[in-house]
Structures are given as C-alpha cells and as structure tokens.
Amino acid sequence: MGIQMQAESMGFRIVGTLVRHWELEPTHVYQCFLDEAENEYILRRGILTIIAADGRVY
C-alpha cells in the first residue's frame, strides 16, 4: 500500500506533490517526505506516520 492510500485510509489528504527529503532521514531505514503544506510523512517498514504542519501526529 502506497503513501497516498495509507494517508487516505487515515482520513488525511496529501496537499500537492510529495517530495523526498533525504536530510530528514536519520538512517536508511526511514523515508521522509514533505508535501506542499509542509506536512511530514515518515515511512518505516511500510508503516506510515504523518506529522501535520500544526504538530498533530496521525
């Protein structure tokens, strides 16, 4: 399941396009993405965590 589908299943809408930010990845185990609203999407072992621009965690 991709990031888009996981975010939608959590009731979260991605704003614009996702851009990967290698500098935010502490190790190669994580993948970090930001959308145009500066929401952060962290993918680790297929599990998505979303940190909204206002600080809420999904």
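Our subject in this report is the structure included herewith. Worth saying up front: this structure is predicted, and the values here are computed from it rather than measured.

Below, the discussion takes up unusual backbone geometry. One non-glycine residue with positive phi stands out, namely Glu-38, at about 65°. Examined against the element boundaries, Glu-38 turns out to sit in the loop between strand 2 (30-34) and strand 3 (40-44). In this structure, Arg-45 takes a positive phi of about 55° despite not being glycine. With respect to the helices and strands, Arg-45 occurs in the loop between strand 3 and strand 4 (47-51). Take Arg-45: its relative accessible area is 69%, and that puts it in the exposed class.

Within the secondary structure, Glu-40 is located in strand 3. Arg-20 provides the closest opposite charge to the buried, unpaired Glu-40, separated from it by 11 Å. Residues contacting Glu-40, with those up to four places away along its chain left out, are Leu-24, Cys-32, Phe-33, Leu-34, Thr-49, Ile-50 and Ile-51.

Quick look at the side chain of Gln-6 now. Looking at where Gln-6 falls in the secondary structure, it is placed in helix 1 (residues 3-9). Among the residues examined, Gln-6 registers a relative accessible area of 10% and is labelled buried. Among the polar contacts listed, one links the side chain of Gln-6 to the backbone nitrogen of Leu-48, at a separation of 3.2 Å. In this structure Gln-6 touches Met-1, Leu-43, Gly-46, Ile-47 and Leu-48, once residues within four positions along its chain are discounted.

The rules we used
Residues numbered from 1 in each chain as written. Predicted model: local features only at pLDDT ≥ 70, side-chain atom pairs only at ≥ 80, totals over all residues. Heavy atoms only, no water. Helix = DSSP H or I, 4+ residues; strand = E, 2+ residues; numbered from the N terminus. Buried < 20%, exposed > 50% of the residue type's maximum accessible area, 1.4 Å probe, protein only. Lys, Arg positive; Asp, Glu negative; His and termini not counted. Salt bridge = Lys/Arg side-chain N within 4 Å of Asp/Glu carboxyl O. Contact = heavy atoms within 4.5 Å. Polar contact = N/O pair within 3.5 Å; in protein donor to acceptor, adjacent residues only side chain to side chain.

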